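Examining the three-dimensional arrangement
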Amino acid sequence: MRPHIDQCWWDPSIVTMKAGNSRCAFSLGFLVGSCTLYIFLRQVWFEESYSWKHDGKSNPAPLGPEQNTPNLTWRVEGTALINLKHPHQPGEDGHIADELFKKVRILCWVMTGPSNLQSKARHVKATWSRHCNVVLFMSSEEDRSFPTVGLGTGEGRDQLYWKTIRAFHYALKNHGDEADWFLKSDDDTFVVVDNLRWILSNYTAQQPIYFGKRFKPYVKQGYMSGGAGYVLSKEALRRFVEGFSTKVCTHTTSVEDLAMGQCLEKMGVVAGDSRDTLHRETFHPFIPEHHLTGKFSKTFWYWNYCFYPIVEGPQCCSDLAVSFHYVDPVLMYTLEYYTYRLRPYGYQHRYQPPVPAVSLASHTGKPTTEAQRLEERVKEKSVPTYTMNPRAEKVKTTGTTSHKFTNAAQGRNITDRSTA
Amino acid sequence: MMYEGSSFMKGMILGGIFCLVVSFFETFNSGTHSEGHEHLHHHLKPVSKDELEKLSESQMSDWTLQVRVYCLIMVTPKLLVHWATANDTWSKHCDKSVFYTSESSKVLEAVDLQEQDEWARLRKAIRHAYENAGDLRWFFVARPTTFAIIENLKYLVLDKDPSQPFYIGHTEKSGELDYVEYDSGIVLSYETMRRLIEIFKDVDRCPERGNALWKTPEETQLATCLKYSGVFAENGEDAQGKGLFNKKSVSSLISDSMGQNPADVVEACCSDMAITFGGMSQSQIQVLMYGVYRLRPYGHDFHDSLTFLPPKDSDND
């Protein structure tokens, strides 16, 4: 029953009813308003707090692949990747590695193919190849976006030596002045380029020499395993190219590593010994697990192939290993983590490699151990390395616990195995 | 009708404002509340490099003397392969490592606790370790399926006073209780051990034999007993906030990172100063030993403020 507007507004009963109605309406409105806003806010805030929590847990948003990640500083020049700066970890002193980066320039070319770019080559690009001075990905076809060099061959095992021949020719022709050494690897090879520089710094690029995992059959001076990677000096590369131009070398077989070995021997290139100062291998044709823990069956071909005696177990492999082969993508990143990132704080390694003959700081050419060099540096400017502190020595002699920490209560000093 | 309409509108607006006010008030409260809660759930980080360099000789001397670790490795004959692996690898880096077993094995040495119940065994081991600690002040409890880098553990606790109660590892929640996950290793200070020995006597709050019907895992039982002693779990992480204690294997963590962070896999994955990894096979552990203690790139130095020597009679590190 709707009261007429001009006759009823002053009517108390109607007013109260209206008031009652309006109160009801008000409360209803209040309820509706608060509910709607509550639901609305919950949605918005829920999403906000979820994303906040999510961001808090996860790491910073993944950055674009080729620019702005602090450690990736390379320039794409056509089909080549030029590393501008040697990657560094925060808090590390990499000046020796930097010196070697400048003095021992390495061009790495990676044997790959169109079907392997995303499944394998991509991970090489993201990991160890960043430590090379120049990187070339060699494929049968050119791909400017990766980038890869197009060699104009087919794909497959029978094309391996063709690809190798063309790849080396391409490298010398287009980048011969940008490097001193030329490394070949597969897209499932993991290489520690810094350790390669340590070995190569004992030689010059003008020597006709090449290094890798040395095999003995078929070639008198031996040849280097293709999968484990091998590296040629510039002179060796020149002679290889010359061999083809003079027809001394031809495409004899598709077994790429053997064919390389035969050509290089003909051209007077020496097969070098890549082992460390304790005669431990640095280039490895299998994954670390196989070398460290596997027992190779006595009938396995490997026994008859290795130029140097095989050592099974932990001494198979140098601390300064250069390469491993058959490395899948997960292992690729794992090895990158083990090599460059994960470390035991303050641990004094058993093996103290001698500074290479091409001495960096002092130019005296006198090889010293890392420990001796550290001592020199400590004398120069008091580096807070506790064990080198003279007071620590004093404490030691009074019989209290030494600050040189041992883990089995009685330690032993570093075995000074460096060659005099 | 008009009046009702406008009242309704007024009501709606007022309702909205009311709701807004209440929500702000709530979040403000819960914001501070959760912060407060965060403080209880500590994030424990190692001392920074700058701090270390500022130290005096005597302070450095004190710290190096303090930071010695007693490893309690809880084994069973079922885990013989991992037991042997732990024996051959990371446990050599502890200042003292003792294997505590449920029953003896002819092949490997251990303290035979002759106890099948895991919680009771852990209690006995803790008691034994406390009594045989000598001058060791830090205790690391792990199963042999965990791999530990003791040097990094020492780095984490370097500036922490072991006469204070510390209970560190990877923390998880069970209801309201924060506990340290067993699989990624548990770090206890000397004071914590002392308090544990005390609370073990309290049969009501820290019983030795739990309810036979439902078994609470030892890690939560430990956390409960510690809670009654006023000791709370702290999450061990590095300066960037990355967890140092992992119950997954390295390859598992790398695989995860490849899926989540394909542009920066290694950076996003794991800490450089990681302390533990779990779930690794015997050969994966040998590779990890090589990767941690030997494999490195020439020419990169870190100039750490302390030096830890390699253990005697070992060739895989």
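The name an unreviewed UniProt entry assigns to chain B is C1GALT1-specific chaperone 1-like, from the organism Cyprinus carpio. UniProt lists a comment for chain B under the heading Sequence similarities (unreviewed entry), and it reads "Belongs to the glycosyltransferase 31 family. Beta3-Gal-T subfamily." Turning to chain B, the UniProt annotation filed under Subcellular location (unreviewed entry) states: "Membrane".

Under an unreviewed UniProt entry, the name given to chain A is N-acetylgalactosaminide beta-1,3-galactosyltransferase, and the organism recorded is Cyprinus carpio carpio. The UniProt entry for chain A carries this comment under Subunit (unreviewed entry): "Homodimer; disulfide-linked."

When its secondary structure is counted, chain B shows eleven helices and 13 strands. Its C-alpha atoms give chain B principal-axis dimensions of about 95 × 55 × 45 Å. Looking at chain B as a whole, 54% of its 317 residues qualify as buried. Counting every atom, chain B has about 13700 Å² of accessible surface; 54% of that belongs to carbon and sulfur. Distance from the positive charge centre (31 side chains) to the negative charge centre (46 side chains) of chain B: 5 Å.

All right, on to helix 8 (residues 218–228) of chain B then. Residues and elements named next belong to chain B. For helix 8, the tally of buried residues reaches eight of eleven residues, placing the bulk of the element in the interior. All of the buried residues in helix 8 are Glu218, Glu219, Thr220, Gln221, Leu222, Ala223, Cys225 and Leu226. Next to the buried residues of helix 8 lie helix 5 (118–131), strand 7 (167–169), strand 8 (171–174), strand 9 (177–180), strand 10 (186–189) and helix 7 (190–199).

Contact residues are listed per partner, giving 96 residues for chain A and 86 residues for chain B. Across the interface of chain A and chain B, roughly 8700 Å² is buried in total on both sides, 61% from carbon and sulfur atoms. Between the two partners, chain A and chain B, sit six salt bridges. Of the charged contacts, one joins A:Arg350 and B:Asp317 as a salt bridge, the two residues approaching to 2.7 Å between their closest N and O atoms. Across the chain A-chain B interface, the total number found is 33 residue pairs in polar contact (both at pLDDT 80 or more). Residue assignment for the side of chain A that touches chain B shows that the elements contributing at least two residues are helix 2 (12–57), helix 3 (95–103), helix 6 (193–200), helix 9 (288–293), helix 11 (329–341), helix 12 (370–380) and strand 14 (404–405) of chain A.

A few words on the confidence of the model for chain A. Scored by pLDDT, chain A has a mean of 80; 73% of the residues are at 70 or more. Within the model, the stretch residues 373–420 of chain A combines pLDDT values under 50 with 87 contacts to residues more than four positions away or in other chains.

Time to look at the pairing of strand 11 (residues 230–233) of chain A. All names here are of chain A. Side chains of strand 11 alternate between two faces, with Tyr230 and Leu232 and Val231 and Ser233 buried alike. Where strand 6 (residues 181–186) and strand 11 come together, four bridges link them in antiparallel fashion. The residue bridging Leu183 from the neighbouring strand is Val231, located in strand 11. Here strand 8 (residues 209–212) runs beside strand 11; their pairing, made up of three bridges, is antiparallel. Considered in strand 11, the bridge of Tyr210 is made with Leu232.

According to the stated counting rule, one finds six disulfides over all chains in the structure shown. Residue B:Cys206 pairs covalently with B:Cys225 via a disulfide, S to S 1.9 Å. One quick way to see it: the torsion about the S-S bond of B:Cys206 and B:Cys225 is about 95 degrees, and its sign makes the bridge right-handed. With B:Cys206 in the loop between helix 7 and helix 8 and B:Cys225 in helix 8, this pair connects stretches of sequence that are 19 residues apart. Across the pair, exposure class does not vary: B:Cys206 and B:Cys225 are buried alike. Put simply, B:Cys269 and B:Cys270 are joined by a disulfide, and their sulfur atoms are 1.8 Å apart. The same class applies to B:Cys269 as to B:Cys270, namely buried. The connectivity of the disulfide bonds within chain B can be written as 1-2, 3-4, 5-6, using the sequence rank of each bonded cysteine. If the cysteines joined by disulfides in chain A are listed in sequence order, their pairing comes out as 1-2, 3-4, 5-6. Free of any disulfide, A:Cys35 has its nearest neighbouring cysteine sulfur in B:Cys19, separated by 8.0 Å. Taking the relative accessible area as the measure of exposure, A:Cys35 reaches 42% and is therefore partly exposed.

Criteria and thresholds
- Think of each chain on its own: its residues are numbered from 1, step by step along the sequence as written.
- The lettering of chains begins at A and the numbering of ligands begins at 1, in the order of writing.
- Since the coordinates come from a predicted model, pLDDT governs what is reported: local features require at least 70, and pairs of side-chain atoms require 80 or more to be given and counted, while whole-chain, interface and lining totals use all residues.
- The basis for every side-chain value is the complete set of heavy atoms in the structure, and neither hydrogens nor water enter the calculation.
- UniProt positions are given in the numbering used here, feature names are shortened, and annotations may be inferred rather than shown by experiment.
- Numbering of helices and strands starts at the N terminus; helices are DSSP runs of H or I of at least 4 residues and strands are runs of E of at least 2.
- Three labels apply to residues, based on accessible area from a 1.4 Å probe with only protein chains included: buried if under 20% of the type maximum, exposed if over 50%, partly exposed otherwise in between.
- The Shrake-Rupley method, run with a 1.4 Å probe sphere, supplies the accessible areas, and residue values consider only the shown protein chains as cover.
- Under this rule, positive means Lys or Arg and negative means Asp or Glu; His and the chain ends count for nothing.
- Where a charge lies is defined by one atom per residue type, namely NZ (Lys), CZ (Arg), CG (Asp) and CD (Glu).
- Between two residues, a contact is recorded if the distance between any of their heavy atoms is within 4.5 Å.
- Here's the idea: put two parts together, see how much 1.4 Å probe accessible area each one loses, and the total over both is what we call buried area.
- A side-chain nitrogen of Lys or Arg and a carboxyl oxygen of Asp or Glu constitute a salt bridge if their distance falls within 4 Å.
- For this analysis, a polar contact is any N or O atom pair within 3.5 Å, provided that within protein one partner can donate a hydrogen and the other can accept it, and provided that sequence-adjacent residues contribute only side-chain to side-chain pairs.
- pLDDT measures the predictor's confidence residue by residue and takes values from 0 up to 100.
- A strand pair is defined by DSSP finding two or more bridges across the two strands.
- The criterion for a disulfide is a pair of cysteine sulfur atoms lying within 2.5 Å.

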